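Below, each chain spelled out in residue letters.
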Amino acid sequence: MTTYKLKDGRTLVLRDPAEADAQEMVDYLKIVGGETDFLLCDENGIEGLTVESEIGWINTTLAAKNTKMFVGTIDGEIILVCDVRAGGRARIAHCAGIAISIKRSCWHIGVGSIAMQAMIDYARSTGELRQLSLEVREGNDRAIALYQRFGFVEVGRHKGRICVNSEYFDEILMDLDLTQPQQ
C-alpha cells in the first residue's frame, strides 16, 4: 500500500485488490461505464460479471506471473482500477497490456499520472517485461496525451473497432518500449 497527495489535497491509497473489494469493484464498473463512452463497458458494467467471478479474477490476477492489479481509494472508496497483465504464452511473456479506469469525480487531479507511473514501475521491476501495450478509443485526447507523456507511441489502429450509440471509432494501439530509458 502506497499513499499519494493529490492536486486537490486529498490522499490516494494505491494497493492490491482483496476479495472483500469484489462487490464494490462490480459496482464501480457500472459507475465508470456510465460516466464515459471511452471505456469498453457501459452503465451495465461487464455483462455477466458477478461478485463470485470478480473474486476469481482478483485471485487469478494476484497469483499470475508479471501481472499486477491496483485499486486506488480516496477515503476508503474505490476510484481507480488499473492493471498490468503479462502475456500467458512463452513467446509473448515479455509483453503486457495495461488498462486503467478512473471515476469521473477524480479526473484532472493526478490520479491517472500516479497510476501510469505505478504500472510502469511495476513492469520495469519484473526484469522480464520488455513492452507495455494499451488500446484507446480515438477522440479520447486527454488519455492519449497522458500515455504519450509516459512515452507510449501509436503503433497502429483497428479501424471502426469500437461502436458507441451506432457510431464507429478507431481503436488506437500504443506501445511503450521498456528497454529504453524512462523519459
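In this text the structure is predicted, and so the values were computed from the model without any measurement.

Some remarks on the pattern of salt bridges
Inspection of the entire model under this criterion finds 11 salt bridges. For Lys65, the salt bridge goes to Glu128, with nearest N and O atoms at 3.1 Å. Of this pair, Lys65 sits in the loop between helix 2 (51–63) and strand 3 (68–74) while Glu128 sits in the loop between helix 3 (111–125) and strand 6 (131–137), and the two are 63 residues apart along the sequence. Looking at Lys65, the relative accessible area reads 57%, which means it is exposed. One salt bridge connects Asp170 with Lys159, and the closest N-O pair in it is separated by 3.3 Å.

Description of helix 2
If you check helix 2, its first and last C-alpha atoms are 18 Å apart, about what 13 residues at 1.5 Å a residue would give, namely 18 Å. All of the buried residues along helix 2 are Glu54, Ile58 and Thr61. With its buried residues spanning 70° around the axis, helix 2 presents them on a single face. Across helix 2 from its buried face, at more than 90 degrees, point the exposed residues Glu52 and Ala63. Buried residues along helix 2 sit against helix 1 (22–35), strand 3 and strand 4 (77–86).

Some details on the side chain of Asp170
You can see Asp170 is positioned in strand 8 (residues 167–177). Here the side chain of Asp170 touches Gly160 through a polar contact of 3.0 Å, landing on its backbone nitrogen.

Things to note about helix 3
Look at helix 3: 21 Å from first C-alpha to last across 15 residues, which is about the 21 Å you get at 1.5 Å a residue. Within two residues after helix 3, Gly127 carries a phi angle of roughly 75°, on the positive side.

Notes on the sheet that holds strand 3
The sheet built from 8 strands is open, its strands ordered 1-2-3-4-5-6-8-7 with mixed pairing. Each end of this open sheet is capped by a strand with a single partner; those strands are strand 1 (2–5) and strand 7 (153–164). Going across the sheet, the axis of each strand differs from the next one's by a mean of 25°, ignoring polarity. Note that strand 2 (residues 11–15) and strand 3 share 3 bridges and pair antiparallel. Bridge pairing in strand 3 links Val13 to Thr73. Taken strand by strand, helix 4 (residues 141–149) contacts strand 5 (95–102), strand 6 and strand 8, and its axis lies near 165° from that of strand 6.

Looking at the packing of helix 1 against helix 2
Interhelical geometry of helix 1 versus helix 2 gives an angle of 105° and a closest axis separation of 9 Å. The pairing of helix 1 with helix 2 is recorded here as roughly perpendicular in orientation. Residues Ala22, Gln23, Met25 and Val26 of helix 1 form the contact with helix 2, whose participating residues are Val51, Glu54, Ile55 and Ile58. Across the contact of helix 1 with helix 2, the residue classes tally to 6 nonpolar, 1 polar and 1 charged.

Let's talk about the side chain of Ser101
Within the fold, Ser101 resides in strand 5. Residues in contact with Ser101, not counting those within four places in the same chain, are Tyr28, Val32, Leu39, Ile79, Leu80 and Val81.

A closer look at the nonpolar core
In terms of nonpolar packing, the biggest core is built from 39 residues, with Leu80, Val111, Leu132, Tyr147 and Phe152 touching the most fellow members. Elements that contribute at least two residues to this core include exactly strand 2, strand 3, strand 4, strand 5, helix 3, strand 6, helix 4 and strand 8. Here this core takes 9 residues from helix 3, the largest share from any one element. Leaving out residues up to four positions away in the same chain, Phe152 has contacts with Ile98, Met116, Ile120, Leu132, Ser133, Leu134, Tyr147, Met174, Asp175 and Leu176.

A look at the packing of helix 3 against helix 4
Relative orientation of the contacting elements helix 3 and helix 4 amounts to 40°, with a least axis distance of 11 Å. Viewed along their axes, helix 3 and helix 4 adopt a mutual orientation that is oblique. Note that helix 3 runs across helix 4; the crossing there is right-handed. Contacts between helix 3 and helix 4 involve Gly112, Ser113 and Met116 from the first element and Leu146, Tyr147 and Arg149 from the second.

What counts as what
Residues numbered from 1 in each chain as written. Predicted model: local features only at pLDDT ≥ 70, side-chain atom pairs only at ≥ 80, totals over all residues. Heavy atoms only, no water. Salt bridge = Lys/Arg side-chain N within 4 Å of Asp/Glu carboxyl O. Helix = DSSP H or I, 4+ residues; strand = E, 2+ residues; numbered from the N terminus. Buried < 20%, exposed > 50% of the residue type's maximum accessible area, 1.4 Å probe, protein only. Expected span 1.5 Å × (residues − 1). Arc of directions from axis to C-beta. Contact = heavy atoms within 4.5 Å. Polar contact = N/O pair within 3.5 Å; in protein donor to acceptor, adjacent residues only side chain to side chain. Pairing = 2+ DSSP bridges. Axes fitted to C-alpha atoms, helices over the stretch in contact; angles between N-to-C directions. Parallel < 35°, antiparallel > 145°, perpendicular 65-115°, else oblique. Nonpolar A, V, L, I, M, F, W, Y, C, P; charged D, E, K, R; others polar. Core = buried A, V, L, I, M, F, W, Y, C linked by side-chain atoms within 4.5 Å. Left-handed = near helix turned anticlockwise from the far one by under 90°.

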